[in-house]
Amino acid sequence: MKNLFPYFSHHPDLIYLDSAATTHKPKCVIDAITTFYEQENATVHRAIYRASLTATEQYNATRVAVQKFLNAKLEEEIIFTRGTTDAINLVARSYGKMVLKPGDEILISIMEHHSNIVPWQMIAQETGAILKYIPVNEKCELLWEGLITPCTKIVALAHISNVTGTINPIKEIAKVAHQNGAIILIDGAQSAPHMKIDVQDLDCDFFAFSGHKCYGPTGVGVLYGKYELLEKMPPLEGGGDMIQKVEMSHTTYQKPPLRFEAGTPIIASVIALKRAIDFIQGIGLDKIAQHEFKLFEKATQNLSEIPGLRIIGNAAEKGPIITFTIDGMHPLDVTTMLDLQNIAIRSGHLCAQPILRHFGLETAMRVSFGIYNTEEEVDRLVEALSAIGSLYNC
Ligand code: 7TS
């Protein structure tokens, strides 16, 4: 698998275990970008010369590919954004501002990434809504029952936690949210690369993910939204492409999705995102999930045998992410020692300070898997961490 990723031919000895932050890109994705700029470069939507029509066709083909990838009903339900963060901000500032009144409740959880906390804090402050947090048990599973009430207007939750890997029971939560008249946004940044997503089956109202965590380029992401909601939402940014008619005194807007895609988009990256989706589907999400789960299980088992190593969160359902600490050792020291052995893992607050603090931590270490990782790499990681751990536990 690694031979499909040019990055690894430049770094043959690297063990890369930070795919939750960003994945490497297969050659087909990189080629799509260079081919576009070298041979196909043109703007989209605006011109009628052939190159522009072809670029527009390719741009639209990604929308259809994403629609199928998420099993959305309509291609018009797919909006290209800069990433998950941008998608969540769009919902908070457009839908949130439209519906929220003082005293209404927004319900998120303490295991959210900052990008699914801060936009809600900002919109709560602006509208007078109340931001509530779902707590977790000691395994880092949501204790959500009874917290959704008729006061709840928006529920926004990670599908998979980027810290503990917990897979949240989105389908059940969505059902209760709807029974109470609320809508639900799913932050799919950590689920889209690892499991089959069916937005109709989940019955979520919004679903956000980032291209760069799915073997695609940075700078492009997706917001799925149910059409009947998108149709009512005001645009966030004004400019070219999102308008129907501009008078000197006022403007009428395009229907979704173009209403939310002002200005010249990141055309090459959108086109390359289709290659990334084709790449994932070519392998098959079931096969990807199976491979990553095998690595995850082996790593969980072997890491927990290292004296002093504590895994944070052991939910019954987990994605391929393991966050841990080693007694008496600072995560920055450990990851620096690993880096010197060509093993790249993440350390720090993982952009999720509330959940780390809940477990009494300011920083931790995290290992996360992608399709290019191998069992041998897990062995090397465990060996390296055992040796580092024994330095301090002797
Ligand atoms: N939500 C979750 C659950 C995430 O893991 C991330 C990124 C985001 C949202 C934001 O995605 P972006 O593409 O808009 O930045 N998570 C991480 C991480 O865990 N390490 O680096 C980025």
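Note that the structure is a prediction, hence the values are computed from the model and not measured. (Residues numbered from 1 in each chain as written. Predicted model: local features only at pLDDT ≥ 70, side-chain atom pairs only at ≥ 80, totals over all residues. Heavy atoms only, no water.)

Let us now look at helix α11 (residues 331-340). Listed as buried for α11 are P331, V334, T335 and L338. Relative to the axis of α11, the buried residues are bounded by an arc of 90 degrees and lie together on one face. N342 sits one or two residues past α11 and shows a positive phi near 70 degrees. (Buried < 20%, exposed > 50% of the residue type's maximum accessible area, 1.4 Å probe, protein only. Helix = DSSP H or I, 4+ residues; strand = E, 2+ residues; numbered from the N terminus. Arc of directions from axis to C-beta.)

Glancing now at the domain arrangement of the chain. Interface size is commonly expressed as the accessible area that is lost once the parts come together. With domains assigned, the chain is organised as domain 1 (2-17 + 285-393) and domain 2 (27-282). For domain 1 and domain 2, the distance between their C-alpha centres works out to 28 Å. With 34 residues of domain 1 at the contact, the number on the domain 2 side is 32 residues. Carbon and sulfur atoms supply 66% of the area that domain 1 and domain 2 bury against each other, a total of about 2600 Å² over both sides. By the criterion of area lost to domain 2, the three top residues of domain 1 are L285, I321 and I355, representing 24% of everything that side buries. On the surface where domain 1 and domain 2 come into contact, there are zero salt bridges. Along the contact surface separating domain 1 from domain 2 lie 16 residue pairs in polar contact (both at pLDDT 80 or more). (Domains from an automatic or database assignment. Contact = heavy atoms within 4.5 Å. Buried area = accessible area lost by both parts, 1.4 Å probe. Salt bridge = Lys/Arg side-chain N within 4 Å of Asp/Glu carboxyl O. Polar contact = N/O pair within 3.5 Å; in protein donor to acceptor, adjacent residues only side chain to side chain.)

Attention now moves to unusual backbone geometry. The residue after P256, namely P257, is reached through a cis peptide bond having omega 5 degrees. Following the sequence through the fold, P257 ends up in the loop between β10 (251-253) and α9 (267-283). Despite not being glycine, D203 shows a phi value in the positive range, around 55 degrees. Classification of D203 as partly exposed rests on a relative accessible area of 34%.

Turning to the pairing of strand β15 (residues 364-368), a few remarks are in order. Judged by how many residues are buried, β15 sits mostly within the fold: five of five residues are covered. With burial as the criterion, each face of β15 is covered, one bearing A364, R366 and S368 and the other bearing M365 and V367. Where strand β12 (residues 321-326) lies against β15, four bridges are found, and the strand directions are antiparallel. Counted as the bridge partner of I321 is S368 from β15. (Pairing = 2+ DSSP bridges.)

Take K97: it is sitting in helix α4 (residues 84-99). Along the primary structure K97 and I123 are separated by 26 residues, whereas in three dimensions their C-alpha atoms are 6.8 Å apart.

When the terminal C-alpha atoms of α9 are compared, their 25 Å separation across 17 residues agrees well with the 24 Å that a helix rising 1.5 Å per residue should span. Within the span of α9, buried status applies to I267, A268, S269, V270, I271, A272, L273, A276, I277, F279 and I280. Lining the buried residues of α9 we find α2 (27-40), α3 (50-70), β2 (78-81), β8 (221-225) and α10 (285-304). G284 occupies a position one or two residues after α9 and carries a positive phi of about 105 degrees. (Expected span 1.5 Å × (residues − 1).)

A few words now on the site of the ligand. Near the ligand, the surroundings consist of 15 residues, among which T85, D187, Q190, S210 and R366 are the closest. T84 is positioned such that a nitrogen or oxygen atom in its backbone is 3.4 Å from an oxygen atom of the ligand. Contact distances for the ligand include 2.7 Å between an oxygen atom and a side-chain N or O atom of H212. Summarising the interface, the protein chains cover 87% of the accessible area of the ligand, which totals 490 Å² for the free molecule. Here the shell around the ligand is built from residues that sort into three nonpolar, eight polar and four charged. (Near = heavy atom within 4 Å. Areas by Shrake-Rupley, 256 points an atom, 1.4 Å probe, with all protein chains shown as cover. Nonpolar A, V, L, I, M, F, W, Y, C, P; charged D, E, K, R; others polar.)

A few words now on the pattern of salt bridges. All told, the structure shown has 17 salt bridges when counted by the stated rule. The residue D201 makes a salt bridge to K171 at a minimum N-O spacing of 2.9 Å. Of this pair, D201 sits in helix α7 (residues 199-202) while K171 sits in helix α6 (residues 170-179), and the two are 30 residues apart along the sequence. Notably, a salt bridge pairs K245 with E247, separated by 3.6 Å at the nearest N-O pair. By relative accessible area, which is 35% here, E247 ends up partly exposed. Connected via shared salt-bridge partners are K294, K298, E375 and D379.

Time to look at the sheet that holds β2. Read from one edge to the other, the open sheet built from seven strands follows the order β2-β8-β7-β6-β5-β3-β4, with strand pairing classed as mixed. Either end of the sheet is taken by a strand with one partner, and the two such strands are β2 and β4 (130-134). Strand-to-strand, the axes of this sheet are offset by a mean angle of 20 degrees, without reference to chain direction. Looking at chain direction, strand β5 (residues 152-158) and strand β6 (residues 183-187) are connected through five bridges and run parallel. Across the sheet, residue V155 finds its bridge partner in β6, namely I184. Contacts between α4 and the sheet are confined to β2, β5, β6, β7 (206-210) and β8, with β7 contributing the most and set at about 155 degrees to the helix. Across the sheet, α6 touches β5 and β6, and the angle it forms with β6 is around 155 degrees. (Axes fitted to C-alpha atoms, helices over the stretch in contact; angles between N-to-C directions.)

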